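Structure at a glance
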Amino acid sequence: MSTDRPDRTAPPHTPEELPRFPPGFFFGAATASYQIEGAHDADGRGPSIWDTYCRTPGKVADGATGDVACDHYHRYREDVGLLKQLGADSYRFSVAWPRVRPGGTGPVNPAGLDFYDRLVDELLAAGIEPAATLYHWDLPQELEDTGGWRVRSTAERFAEYTAMVVERLGDRVGRWMTLNEPFCAAFVGYAVGRHAPGAQEGAGAIAAAHHLLVAHGLATRVLREAGAREVGIALNPDHLVPASPSAEDAAAVRRAGVLHNDIWLDPLFAGRYPEHERETWGPLLDAVPRLDGDLELIGQPLDFVGVNFYRPITVSDTPHREPDPARRTAVDIGAAESWQGDVRTTTMGWPVVPGTFTDLLTELTARYPALPPVVITENGSAEADTVSADGRIHDTDRVEYLHGHLTALAEAVERGVDVRGYYVWSLLDNFEWAFGYDRRFGIVRVDYDTLTRTPKDSYHWYRELIARHRAADGPARTARTAPATDEHGNGTPSKES
């Protein structure tokens, strides 16, 4: 793979350089409920683990919360307008469990579902396909208080919540994702402690991982029974690179592979638990409550697998932090993660190595013959955007990142990977979890003082890519109305407040 540093003086990529994709390939943008909606206590919404975590001193940068975020709850029409002007085929959003069933149990909250009703109708009126994620980390706090994802009953409550959502939206939403990045929910939330609920556990985190997969299986069953057209899950598998050719670093990569990839992919697509899980976790596995039939439940056929990709990881062998194997957290596996090489990094500190995107996708396809078609459910970069005197947002680094990764994605398609679509992360700058509002991933800038939305250069670049793809994709696609523009070629979003 190339680690050449890009020419920082090069002009933005021209339309002729845009990567090409096969007919029928779709493009969209993604967001998540807690990161953009705000309205944290509106219309009966209950508290989530992220509301609690944000109010715990020292957990989130600058004490930020998602109480207001981008106020998408009240400004969704404006945001759908931006999607329409972008030319997006699809919009991936997540449903907030605490809006629909505030305490995680009990009756449905009709006012909470009404919001998603309005959002879905607005998307369809704009010619945009709704794609719903049922869990993007905002677990109702009351369920965490009774064990959270450590206990199987949370998976059962998730299936009940899924039934409530699909009963209301299933006649109009065709594409469903059960979970987003269960790796983060289980291990960053219950082992690292850098995400809600902020726990640092061993067996509890591995149990959370298993129960998230059980929840996926139960929800998949509910969605199938409701007649859902497309059912999938959004994972964040990692491309792991050994720091050296040593046997020790190779073993560290093997253990890290169990943590990041195998614990999800093997049950979902190979009908087994990871081969090297005992090497990775030792006695911590003994307390994980797996039941007969769980693999069959988890491994039900899916219509697609979502892949979220941002960067590769270099792995090296390192001593355990906790000498007693039974007391270790689930991430204390003797593997240090970093990146080696002279490459640009984003403001997240993540290396920009687009070729590893191709590598990951081809590896997944080769390793899992039963892998369903792939949808890229997140890909993007946090950058230090420049606001010019005329108000334009110049994010050349993000344009280069997107161009490089979409080119790598096109290469994976050329190599035979069945990729059906792509969602950029993210439509809007938003609440970036423990980083608060200090990291910006959006192709649309949000002024957090006024909540004004301003499309960035990357928005216009992506719009051009979509338009060129649609023009080459046949009369059925070109029949759609072209996005409105002003005299400068910029989008003219609605001004709903």
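Our subject is the structure that appears above.
Only a predicted model underlies this, so the values are computations on that prediction, with no experimental measurement involved.

Now for the pairing of strand E4 (residues 175-180). Burial of E4 is extensive: six of the six residues sit out of reach of the surface. Across four bridges, the pairing between strand E3 (residues 129-135) and E4 is parallel. Paired with Thr133 across the strands is Met177, a residue of E4. Pairing geometry for E4 and strand E5 (residues 230-235), over four bridges, is parallel. Looking at the pairing, Asn180 lines up with Ala234 of E5.

Considering all chains together, one arrives at 43 salt bridges under this definition. Here Arg92 ties to Glu378 by a salt bridge, and the two come within 3.3 Å at their closest N and O atoms. Taken together, the residues span a long stretch of sequence, with Arg92 in strand E2 (residues 90-94) and Glu378 in strand E10 (residues 374-378) at a distance of 286 residues. The pair Arg92 / Glu378 is uniform in exposure class, with both members buried. Between Asp117 and Arg168 there is a salt bridge, with its nearest N and O atoms 2.7 Å apart. Remark: Arg168 occurs in helix H7 (residues 152-169) and Asp117 occurs in helix H5 (residues 110-125); sequence separation between them is 51 residues. Residue Arg168 is classed as partly exposed on the basis of its relative accessible area, which comes to 25%. Salt bridges sharing partners connect three or more residues here, namely Asp114, Asp117, Asp121, Arg168, Asp171 and Arg172.

Another point: the sheet that holds strand E8 (residues 313-317). Across the sheet, which stays open at both edges, the three strands sit in the order E6-E8-E9 with mixed pairing between neighbours. Among the strands making up the open sheet, the edge pair consists of strand E6 (240-242) and strand E9 (335-338). Recorded for the sheet is a direction-independent mean angle of 35° between the axes of neighbouring strands. Alignment of E6 against E8, held across three bridges, turns out to be parallel. When the bridges of E8 are listed, Val241 appears paired with Thr314. Across the face of the sheet, helix H10 (residues 247-269) comes into contact with E6, E8 and E9 while running at roughly 125° to E8.

Another point: the nonpolar core. In this structure, Tyr135, Trp149, Phe187 and Trp281 are the most contacted members of the largest nonpolar core, which totals 156 residues. A total of 12 residues in this core trace back to one element, the largest contributor, which is helix H9 (residues 203-225). Setting aside anything within four residues of it in sequence, one finds Tyr135 in contact with Ile49, Trp97, Trp149, Phe158, Thr178, Leu179, Asn180, Ala185 and Leu212.

Below, the discussion takes up H10. Spanning 23 residues, H10 covers only 28 Å between terminal C-alpha atoms, well under the ideal 33 Å at 1.5 Å per step. Along H10, the sharpest kink reaches roughly 60°, centred on Asn261. Positive backbone phi, at 65°, marks Gly271, one or two positions downstream of H10.

Rules and cut-offs
Residues numbered from 1 in each chain as written. Predicted model: local features only at pLDDT ≥ 70, side-chain atom pairs only at ≥ 80, totals over all residues. Heavy atoms only, no water. Buried < 20%, exposed > 50% of the residue type's maximum accessible area, 1.4 Å probe, protein only. Helix = DSSP H or I, 4+ residues; strand = E, 2+ residues; numbered from the N terminus. Pairing = 2+ DSSP bridges. Salt bridge = Lys/Arg side-chain N within 4 Å of Asp/Glu carboxyl O. Axes fitted to C-alpha atoms, helices over the stretch in contact; angles between N-to-C directions. Contact = heavy atoms within 4.5 Å. Core = buried A, V, L, I, M, F, W, Y, C linked by side-chain atoms within 4.5 Å. Expected span 1.5 Å × (residues − 1). Bend = angle between axes of the 7 residues up to and from the residue.

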